[in-house]
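# Inside the fold
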Amino acid sequence: MSTELIGVVAMYGITVLLAIPLGKYIANVFKPESANGPLERFIYRLGGIDPTREMSWKENLVALLTINAVWLAFAFTLLVLQGTLPLNPDGNPSMPPDLAFNTAISFLVNCDLQHYSGESGVTYLTQLFVINFLMFVSAATGMASLLLIVRSFLPTVVETVGNFYVFFVKAITRVLLPISFIVALLLAFNGTPASFDGKDSIVTMQGDTVGVSRGPAAGMIAIKHVGTNGGGWFGANSAHPFENPNYFTNIVEMVAQVFLPISMLFALGFLIKRRRFTWVVYGVMTLGVLCLLVPTLIAEIHGNPAIAQLGVSQPTGAMEGKEVRFGPMASAYWSILTTVISTGSVNSMHDSSMALSGTMELLGMMTNAFYGGCGVGFLNYYYYLIIAVFISGLMVGRTPELFGRKVEAREIKIASVVALLSTLLVKGGTALAAWYFVNADGVSGVASDWLVKPSAWLNNPANHGFTEMLYEFTSANANNGSGFEGLGDNNFFWNYATGIVLILGRFIPIIGPVAIAGLLAKKKFVPESAGTLPVDTATFGLMTFAVILIITALSFFPALTLGPLAEYFSLKH
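A few points on the structure.

Conventions used here
- Each chain carries its own residue numbering, running from 1 in the written order of its sequence.
- Confidence filtering applies because this is a predicted model: local features only for residues at pLDDT of at least 70, side-chain atom pairs given and counted only at 80 or more, and all residues used for totals across whole chains, interfaces and linings.
- Derived side-chain values reflect all non-hydrogen atoms in the structure, with water molecules and hydrogen atoms excluded from consideration.
- To qualify as a helix, a DSSP run of H or I must reach at least 4 residues; to qualify as a strand, a run of E must reach at least 2; elements of each kind are numbered from the N terminus.
- For a helix, the expected span equals 1.5 Å multiplied by the number of residues minus one.
- Here the term buried applies to any residue with accessible area under 20% of the maximum for its type, exposed to any over 50%, and partly exposed to those in between, with areas from a 1.4 Å probe on protein chains only.
- A residue's bend is simply the angle between two axes: one fitted to the seven residues ending at it, one to the seven starting at it.
- As used in this structure description, the phrase polar contact means that two N or O atoms lie within 3.5 Å; if the pair is within protein, one of them must be able to donate a hydrogen and the other to accept it, and residues adjacent in sequence are counted only when both atoms belong to side chains.
- Strand pairing is assigned whenever DSSP detects at least two bridges linking the two strands.
- Cavities and pockets are found on a 1 Å grid laid over the protein atoms alone: a cavity is a set of points where a 1.4 Å probe fits but cannot escape, a pocket is an open set with protein on both sides within 12 Å along at least five of seven lines, and a lining residue has an atom within 4 Å of such a point.
- Grid points are joined across faces, edges and corners, and a volume is the space filled by probe spheres set on the points.
- Residues are grouped as follows: nonpolar covers Ala, Val, Leu, Ile, Met, Phe, Trp, Tyr, Cys and Pro; charged covers Asp, Glu, Lys and Arg; every other residue, Gly included, is treated as polar.
- Excluding any residue in a salt bridge, patches collect residues exceeding 30% relative accessible area, merging like charges within 9 Å and nonpolar Val, Leu, Ile, Met, Phe, Trp and Tyr side chains within 5 Å.
- Using a 1.4 Å probe, accessible areas were evaluated by the Shrake-Rupley method; residue-level cover was limited to the displayed protein chains.
- For salt bridges, the criterion is a side-chain nitrogen of Lys or Arg within 4 Å of an Asp or Glu carboxyl oxygen.
- Just so you know, the count uses Lys and Arg for positive and Asp and Glu for negative, and it drops His and the chain ends.
- Think of each charge as sitting on NZ of Lys, CZ of Arg, CG of Asp or CD of Glu.
- Any pair of residues with heavy atoms lying within 4.5 Å of one another is described as a contacting pair.
- Side-chain atoms within 4.5 Å link the members of a nonpolar core, which is a set of buried Ala, Val, Leu, Ile, Met, Phe, Trp, Tyr and Cys residues.
- Between 30 and 60 degrees the pair is tilted, below 30 it is stacked and above 60 it is edge-to-face, where a pair is any two Phe, Tyr or Trp rings, Trp via its six-membered ring, whose centres lie within 6.5 Å.

Next up on the list: helix H12 (residues 327–340). When the terminal C-alpha atoms of H12 are compared, their 21 Å separation across 14 residues agrees well with the 20 Å that a helix rising 1.5 Å per residue should span. The buried count for H12 comes to 14 of 14 residues, which makes it a mostly enclosed element.

So this is what it looks like as structure tokens:
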């Protein structure tokens, strides 16, 4: 266990050591005076973009939403036609409309909630021109969204907040592409497939002939982690021996999916010239991660209490659903980091996690403000920050201000709506699913063959079955994409229900913070004085942490008690 712990500490240490210089590089890339290279200028000419044009926050949001709508239509069309298109050596069929709807939205919004099985659900064409393409543009959209709020932190009154297209293009050409190329090379040289060959036939030790999928997987797996996307080339995701062959590739993929979210935070500090503030935010986020990670590590290395009650020794910890080449500790570390940063990839099966571990995974997504995805991690933290500033100001009798700009009723209303929306989407969706599960089979004509009877949804009864449904909507709302795969989710209800949650859970938390930042950027800047509430102190950091905990606990604790917490206490007795 000590060796496994060293591996976990080393993974996180490498991540932070890489994130700091990468953050400085990203800040230099996105400084207003940073020049555009030949590739960027070519893309601007091709798209008819004027890179010198500044836009208001409303114009930028219109640009962001419009181009995403185009990509959605493009992806849906290819997915429903993929069976008749080229680059399909394994003869995979076209997707039905409900599954194509869910898949196109899921990858568009950086969630990658896969209701299809990776290698058999899409073709090489759609893997490359839908899945890979959306992985790049969704990550770049998140990064550009964060950059749209930068000017609200600066001591200058402005009407414009930058140009979404410039931020978007540079995010791909200067950050995502080069880093993904390096990660892809490391994976390819360690056994991850990188060819256009179809399935290969192998004979197992039992004498069975099995078809093994291959394909140009290394590049897709690289951007899946670098862009905090998470969708797997193979159905088993990074638990698959081709997708994640050994402990070295496990470190590479683990570092790749965490260091860019942390780097974006450090880059923000360099851009707004308030590094102390970003270190406070980093400290709050890291404290939150540790509160989730430590209980999970303890639960997994101590094994399943139900098995222990049978007198069976578990010297290697809870190994159900885990890969022997990684072990329970590296799997536990992955499960928490991948849920707090919204990647959602897995190197073990979350449905087999200990009940306490499942609780922590859910809390990471319900909070959705600890590191988070590329750029959008801080956007989710931002509305908690606005609420904390407002509450703190009222508590100490000072005017609520954020870096010299007054936080007033309009900003608080927007932040509150965004914070409450996630509760509505997760608990409302779960309540609908639970009601339908209980009642639909008894209602004539409701659970028809095309809808799939709810009795076929769950492989697990009682509290764990409820957790599977709660997890699915939580993952969709948090743009995470991981799942408790005991749930049969490829049907009409889950494809459309989670598709709607995916859209709202992605774009409302982008629109809200960008709107708040746009409103603040136009307000008069008031220099700091003795009456100013400092937001770059450890005290205010703890206040923000308390606000995050209280809002999350009040919003989601009742649902958790019906699912993973009830299961946890039932295993103890």
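Once the structure has been displayed, the description carries forward.
In this model, helix H7 (residues 164–188) (25 residues) spans 34 Å end to end at C-alpha, consistent with the 36 Å of a helix rising 1.5 Å per residue. Along H7, the sharpest kink reaches roughly 35°, centred on Leu176 and followed within four residues by the proline Pro178. Between the side-chain oxygen of the N-cap and the backbone nitrogen of Tyr165 there are 2.9 Å, and the N-cap of H7 in question is Asn163.

Bridge analysis of strand S1 (residues 200–203) against strand S2 (residues 209–212) gives 4 bridges, and the strand direction is antiparallel. Across the sheet, Val203 pairs through a bridge with Thr209, a residue of S2. The hairpin turn running from S1 into S2, its antiparallel successor, is 5 residues long, and Gly207 in that turn takes a positive phi close to 95°.

Another point: the layout of surface pockets. As a volume, the largest pocket reaches approximately 530 Å³. Lining of the largest pocket is provided by 24 residues; of these, Phe30, Lys31, Pro32, Arg151 and Phe167 occupy positions nearest its centre. Secondary-structure elements contributing two or more residues to the lining of the largest pocket are helix H1 (2–30), H7 and helix H9 (247–272). Here the lining of the largest pocket takes 3 residues from H7, the largest share from any one element. A class-by-class count of the residues in the lining of the largest pocket yields 12 nonpolar, 6 polar and 6 charged. Within this model, the second largest pocket holds a volume of roughly 380 Å³. Ile43, Leu46, Ile49, Phe168 and Val169 are, among the 15 residues lining the second largest pocket, the residues nearest its centre. Elements with a minimum of two residues in the lining of the second largest pocket: helix H2 (38–47), helix H3 (57–81), helix H6 (124–147) and H7. Per-element accounting of the lining of the second largest pocket gives the leading share, 6 residues, to H7. Residues belonging to the lining of the second largest pocket are distributed by class as follows: 13 nonpolar, 2 polar and no charged.

Moving on: a positive patch on the surface. A surface patch of positive charge is lined by Lys24, Lys31, Lys273 and Arg275. On the secondary structure map, Lys273 appears in the loop between H9 and helix H10 (275–301).

Enumeration according to the criterion identifies 8 salt bridges in this entry. The partner of Glu59 in a salt bridge is Arg53, with the nearest N and O atoms 3.0 Å apart. Residue class for Glu59 comes out partly exposed when judged on its relative accessible area of 35%. The salt bridge partner of Lys322 is Glu300, with a shortest N-O separation of 2.8 Å. Here Glu300 lies in helix H10 and Lys322 lies in the loop between helix H11 (305–308) and H12, a separation of 22 residues in the sequence. Overlapping salt bridges bring together Glu408, Glu411 and Lys523 as one network.

Among the structural elements, Gly215 can be located in the loop between S2 and helix H8 (217–226). Since its relative accessible area comes to 0%, Gly215 is described here as buried. Sequence separation of Gly215 and Pro193 is 22 residues, and the distance between their C-alpha atoms is 6.0 Å. Contact partners of Gly215, with chain neighbours within four places excluded, come to Tyr124, Pro193, Ala194, Ser195, Asp197 and Trp233.

Moving on, we get to the nonpolar core. The biggest cluster of nonpolar side chains holds 157 residues, and the ones touching the most others in it are Leu176, Leu260, Phe378, Tyr382 and Leu402. The greatest single-element share of this core, amounting to 15 residues, is contributed by H9. When sequence neighbours within four positions are dropped, the list of residues in contact with Phe378 reads Leu146, Ile149, Phe153, Leu265, Leu268, Phe277, Val281, Met285 and Tyr371. With 13 residues, the next largest nonpolar core counts Met366, Leu470, Phe556 and Ala559 among its residues.

Before going further, it helps to spend a moment on the side chain of Asn495. Note that Asn495 resides in helix H17 (residues 492–521). There is a polar contact of 2.8 Å between the side chain of Asn495 and the side chain of Asp98. Apart from residues lying up to four places away in sequence, Asn495 is in contact with Asp98, Leu99, Phe101, Asn102, His115, Asp489 and Asn490.

This model, assessed by the stated rule, comprises 35 aromatic pairs. Following the ring pairs from residue to residue traces out a cluster consisting of Trp435, Tyr436, Phe437, Trp457, Phe473, Phe493 and Trp494.

Here the focus is empty space enclosed by the protein. Applying the stated rule across the entire model yields 7 cavities of 30 Å³ or more. In this structure, the largest cavity encloses a volume near 190 Å³. Here the lining of the largest cavity is composed, by residue class, of 12 nonpolar, 9 polar and 1 charged. Roughly 60 Å³ of volume is contained in the second largest cavity. Considering the residues around the second largest cavity, the lining is formed by Leu146, Pro261, Ile262, Met264, Leu265, Met285, Tyr371, Gly373, Gly375, Gly377 and Phe378. Of all elements in the fold, only H9 and helix H14 (376–396) reach the threshold of two or more residues within the lining of the second largest cavity. Tallying contributions element by element places H9 first for the lining of the second largest cavity, with 4 residues.

Just distances and angles here, no functional claims.
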